Amino acid sequence: MKLRDDVRNIAIIAHVDHGKTTLVDALLRQSGVFRKNQAVQERVMDSNDIERERGITILSKNTAVMKDGIKINIIDTPGHADFGGEVERVLKMVQGVVLLVDAFEGPMPQTKFVLKKSFELNLPVVVCINKIDRPDARPKVVIDEVLDLFIELGASEEILECPFVFTSAKQGTASLDLDKQGEDMSVLFKTIIDYIPAPKSNDDAPFQLLISTIDYNDYVGRIGIGRIERGTISTNDSAFIVNALDENRKERVKISNIYEFEGLNRVQTDTSRSGSIVAVTGIEGINIGDTITSLEDPTPLEFVKISEPTISMNFSVNNSPFAGREGKFLTSRQIRSRLYKELQTDVSLRVEDTDQTDSFKVSGRGELHLSVLIENMRREGYEFQVSKPEVLFHTVNGKKMEPMEIVTIDVSNDFVGSVIEKLGRRKGELVTMQEPSGGYARLIFKIPARGLIGYRSEFLTDTKGNGILNSIFDSYEPYKGDIPRRVDASIVSFDTGTASAYGLHNAQDRGTLFVEPGDEVYEGQVVGESPKGVELEVSVTKTKKQSNVRASGSDEALKLSPAKHMTLEEALEFIESDELIEITPQSFRIRKKILNSQTRYKSKKK
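Here the structure is a predicted model, which is why all the values come from computation and not from measurement.

It is worth spelling out the side chain of S168 at this point. Among the structural elements, S168 can be located in strand 7 (residues 164-168). Here the side chain of S168 touches D133 through a polar contact of 3.0 Å, side chain to side chain. Not counting residues within four places of it along the chain, the set of residues in contact with S168 comprises N130, K131, I132, D133, T173, Q181 and M185.

Let us look at the sheet that holds strand 30 (residues 489-493). Read from one edge to the other, the open sheet built from four strands follows the order 32-34-30-35, with strand pairing classed as mixed. Each edge of the open sheet carries a strand with a single partner, namely strand 32 (512-513) and strand 35 (536-538). Where strand 32 meets strand 34 (residues 526-530), two bridges bridge the pair, whose relative direction is antiparallel. Within strand 34, the position partnered with L513 by the bridge is G528.

V416, V419, K422 and L423 are the residues of helix 10 (residues 416-425) that are buried. Looking down the long axis of helix 10, one finds its buried residues gathered within 135° of arc, a one-sided arrangement. Phi turns positive, to about 70°, at K427, one or two residues after helix 10.

With that settled, consider the pairing of strand 21 (residues 350-353). The pairing of strand 21 with strand 22 (residues 359-364) spans four bridges and is antiparallel. Paired with E352 across the two strands is K361, which belongs to strand 22.

Here we take up the pairing of strand 19 (residues 290-293). A two-sided burial pattern is seen for strand 19, the buried positions comprising D290 and I292 on one face and T291 and T293 on the other. Relative to strand 19, strand 13 (residues 238-243) is paired through four bridges, and the arrangement is antiparallel. Residue I241 lies in a different strand from strand 19, and its bridge partner there is I292.

Further remarks concern the confidence of the model for the chain. With 87% of its residues at a pLDDT of 70 or more, the chain shows a mean pLDDT of 80. No element of the chain has a lower mean pLDDT than helix 2 (residues 49-54), at 39, and none a higher one than strand 23 (residues 384-387), at 94. Within the model, the stretch residues 79-84 combines pLDDT values under 50 with 27 contacts to residues more than four positions away or in other chains.

Once that is clear, we can look at the side chain of S276. Within the secondary structure, S276 is located in the loop between strand 17 (271-273) and strand 18 (277-281). Take S276: its relative accessible area is 4%, and that puts it in the buried class.

With that settled, the discussion passes to the packing of aromatic side chains. Inspection of the entire model under this criterion finds six aromatic pairs. When the centroid spacing of 5.4 Å and the interplanar angle of 10° are considered together, the rings of F315 and F384 count as stacked. One end of the pair, F315, is in strand 20 (residues 311-317); the other, F384, is in strand 23, with 69 residues separating them in the sequence. Where F393 meets Y479, the ring centres are 5.8 Å apart and the plane angle is 70°; that geometry is what we call edge-to-face. In this pair, F393 is assigned in the loop between strand 24 (390-391) and strand 25 (394-396) and Y479 in the loop between strand 29 (468-478) and strand 30, connecting sequence segments 86 residues apart. Looking at Y479, the relative accessible area reads 30%, which means it is partly exposed.

What counts as what
- Residues numbered from 1 in each chain as written.
- Predicted model: local features only at pLDDT ≥ 70, side-chain atom pairs only at ≥ 80, totals over all residues.
- Heavy atoms only, no water.
- Helix = DSSP H or I, 4+ residues; strand = E, 2+ residues; numbered from the N terminus.
- Polar contact = N/O pair within 3.5 Å; in protein donor to acceptor, adjacent residues only side chain to side chain.
- Contact = heavy atoms within 4.5 Å.
- Pairing = 2+ DSSP bridges.
- Buried < 20%, exposed > 50% of the residue type's maximum accessible area, 1.4 Å probe, protein only.
- Arc of directions from axis to C-beta.
- pLDDT = per-residue confidence, 0-100.
- Phe/Tyr/Trp six-rings, centres within 6.5 Å; stacked < 30°, edge-to-face > 60°.

Dropping the structure here:
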């Protein structure tokens, strides 16, 4: 079997925010994809609005650059644990990985997760120590940390001798010498071409193409993306779709169009050879994990088992008094079809119908995974309600098992005590505490996934916004016992109307309010939080009764504390099991499931 020397297929893997997308930008710029004078936005690969706003990659992206006559197919992968399903799949398309590590932070939990997956597939690694120009960079220590991680994960001798490249993706420079930066990225290009093996080429065999990613387009439907394992594939070929996990799947199809990647574009081609990464269209019902094969040899290719979801919540039709005012898509049929459409491109998601026709159970890899879906739907004009996230338990041999997370926390020494105390209360177990350096300590905990729900916003408050918290799913373990609920209770409006400055002024002594004068509220809406732990009912719509008696000082301007505006993640962490979040394109409100206070009181007594 020959090698295709004119192609290299690589994935760029790293922890969130270590500079993957910025590095791809630099490679694209320096390979001549853009004209010299072309205006290009930063992080050009993050095409989705939410990715750009949050500065994270959610969907893996394909691109390709030409260097010295060799085509390098690059896949930019997400760094966040909630999108690990994306990373696991795309590694099946490549022959090697570029591992990016921040020169200050060193290897982080997600670095370990993606590296473990690439070792399982025996992929060679080029290590890239990035952000070398950071004033607090400590590259020599980070090199040792990376090698320690390799040994911990059982890397072979060959992998331990992998090349280290020192880069500043922002400046667009790379070097093999720690003390001297190069002028451009040519050293990194050369290292990839020399060290990452070329794909095997077997053009004469019956073709096989494993679909690792699905894209969707309203004009052509589903687009399957994958690497041609063997053979040559041509437009209008007849083929079978088979699947290693489903013996009964064998469907005859016709390939309409084939695209290869060039820069940021997909370019149509008539034929493509083994070793190439291609996109194919015109195949109805194609799924991730399917193999497209020739008619003479319909053998499926093995596929990575995707990690199971660990958290679920209910999406239901909005039935609040303000329902239908702001959204475009409101019915259960519209919400259901949108959720099932999401399944076409997101393999880590599960959607189930419930016994209620207007409610659906949606399970995902974590709060961020589900909150990105909620945010996307909201921006598309959907209006709906979601419940509190719940952890998914398993039963093994009659024992209740729950998902455990490994949490890595980098925090100033001043806050170590309060973090250990808080996580201890949430059944967290301190695994290791690394020696503090530069005033910061690194704590590693093992904690039930449900112990983290509601903790992140508390953590930011406790560490004055300076702490960094990263978590990753570890395993299922026996149930660890009850975890105390949140301390703050809800302040609930007992009437419907417009919030007035007078009403809010009277209510603000009870706690922190979420609404401002002029906001419309309804009975059963949560309008604030009370630190006393007891649910309160207030009227924020009350106005001052006018009289013809005037007393000095009584008409001075009312002083109101600023309202607290929560992000979607904070709201998901705040709500209790008897509450919902009403989500519309313009706003979201926290509310009680039972709006009427008397009915709510009676149901609690039951």
